[in-house]
Amino acid sequence: MVVVTARTRDVAIPCPDCGTVTAKVHGYHQRMVKDVPVDDRQVVVRLRVRRLVCPALGCRRQTFREQIPGLLQRHQRRTVRLVRQISHVAQELCGRAAARLAGLLAVPVSRSTALRRLRCLPLPRLEIPRVIGVDDFALRRRQRYATIIIDAETGRRVEVLPGRDAATLESWLREHPGVEVVCRDGSATYAEAVRRALPDAVQVSDDGTCGAISVTGSCSRSARTPDAGPPSTRPVLAAFTSRPRANAGTRSTISSVKASVCSTAPAASAWP
Ligand SMILES: [Zn+2]
């Protein structure tokens, strides 16, 4: 382990309440914080920070502890850059796997810490795709199911909904307008949900036999070749007829979703 002793500069800083600049020292504090590893060894910084006196009369904050923005956040025991590293690992691997890899990189963290850092990350802005694929999958076979929604053109996961009933999918579609084409299996439940929420949307379904495809919606008709559909659905239909199962792309995404859902057990357990 590498121990670094450091102290802050003797410069004047503003009071967080009234903004009066001061360098009058009331006392000192020691902070022990972990930093990014060096040469596969953990680094601990023993940092001395000042407690300063606010000279302004009437300011309710008589003394205050100085902060080091960009390097260390209030009450944190890890530097900002170390927290960033842990967050990136957790973002890719979730709890246990992130903890194992971080340990190999000389950043020992528990899986709870990895998940906590993951939950602190801001959620990416959800962009609703024009063409979506919808399918169900079992979290626990015959007991608990969920619905996955993907971008049918890129394969990107868009959302995972608890349950596989029509009302859940219908409410999500109503809250996220912009979908024009819905690719699904032969499920009448999903068909009804799409019909109620998006009456003008095109539904592309697979009946599970010989790659047969039907297209319903604003352009009600059936098709067995990619060229038979409207221009907007041709790429989707081509993808369907090239494989025996229409939602093969969706199902390939499901395994990764199940892994992430199972690793975040508290969120999954809240589902019915
Ligand atoms: Zn003040």
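Summary of the structure given here. (Residues numbered from 1 in each chain as written. Predicted model: local features only at pLDDT ≥ 70, side-chain atom pairs only at ≥ 80, totals over all residues.)

**Structural notes on the overall build of the chain**
Alright, step 1. Looking only at helices and strands, one finds eight helices and 13 strands in the chain.
Alright, step 2. Here the chain holds 272 residues, and the buried ones make up 26% of them.
Alright, step 3. Long-range pairs, those at least 24 residues apart, make up 50% of the contacts in the chain with a sequence separation of at least 6. (Helix = DSSP H or I, 4+ residues; strand = E, 2+ residues; numbered from the N terminus. Buried ≥ 20, exposed ≤ 12 C-beta atoms within 10 Å, placed from the backbone. Contact = placed C-beta atoms within 7 Å.)

**Some remarks on the packing of helix α4 (residues 166-175) against helix α5 (residues 188-197)**
Alright, step 1. Contact geometry for α4 and α5: axes closest at 8 Å, N-to-C directions at 35°. Crossing of α4 over α5 shows right-handed handedness. Mapping the contact onto sequence places Ala166, Leu169, Glu170, Leu173 and Arg174 in α4 and Thr189, Tyr190, Glu192, Ala193, Val194, Arg196 and Ala197 in α5.
Alright, step 2. Of the residues that constitute the contact of α4 with α5, the class distribution is seven nonpolar, one polar and four charged. (Axes fitted to C-alpha atoms, helices over the stretch in contact; angles between N-to-C directions. Left-handed = near helix turned anticlockwise from the far one by under 90°. Nonpolar A, V, L, I, M, F, W, Y, C, P; charged D, E, K, R; others polar.)

**Quick look at the nonpolar core**
Alright, step 1. Counting residues in each nonpolar core, the largest one holds 23 residues, and the members touching the most others are Ile132, Leu173, Val182, Cys183 and Val194.
Alright, step 2. The set of elements that each furnish at least two residues to this core consists of β7 (131-140), β8 (144-151), β9 (157-162), α4, β10 (181-184), α5 and β11 (202-206).
Alright, step 3. In this structure, leucine 173 is in contact with Val179, Ala193, Val194, Ala197 and Leu198, ignoring residues within four places of it in sequence.
Alright, step 4. One finds Ala99, Ala102, Val107 and Leu118 within the second-largest nonpolar core, a separate group that totals 13 residues. (Core = buried A, V, L, I, M, F, W, Y, C linked by C-beta atoms within 7 Å.)

**A short note on the pairing of β10**
Alright, step 1. Residues of β10 alternate between two faces, with Val181 and Cys183 on one and Val182 and Arg184 on the opposite face, all of them buried.
Alright, step 2. Sheet topology places β10 next to β11; four bridges connect them, and they run parallel. Looking across to β11, one finds that valine 182 is bridged to glutamine 203. (Pairing = 2+ DSSP bridges.)

**Here's the deal with unusual backbone geometry**
Alright, step 1. In this structure, aspartate 39 is a non-glycine residue whose phi angle is positive, near 55°.
Alright, step 2. C-beta crowding within 10 Å serves as the criterion here: with 7 such atoms nearby, aspartate 39 is assigned to the exposed category.
Alright, step 3. Positive phi, normally seen in glycine, also occurs at arginine 142, with a value near 65°.
Alright, step 4. The residue arginine 142 is located in the loop between β7 and β8 in this model.

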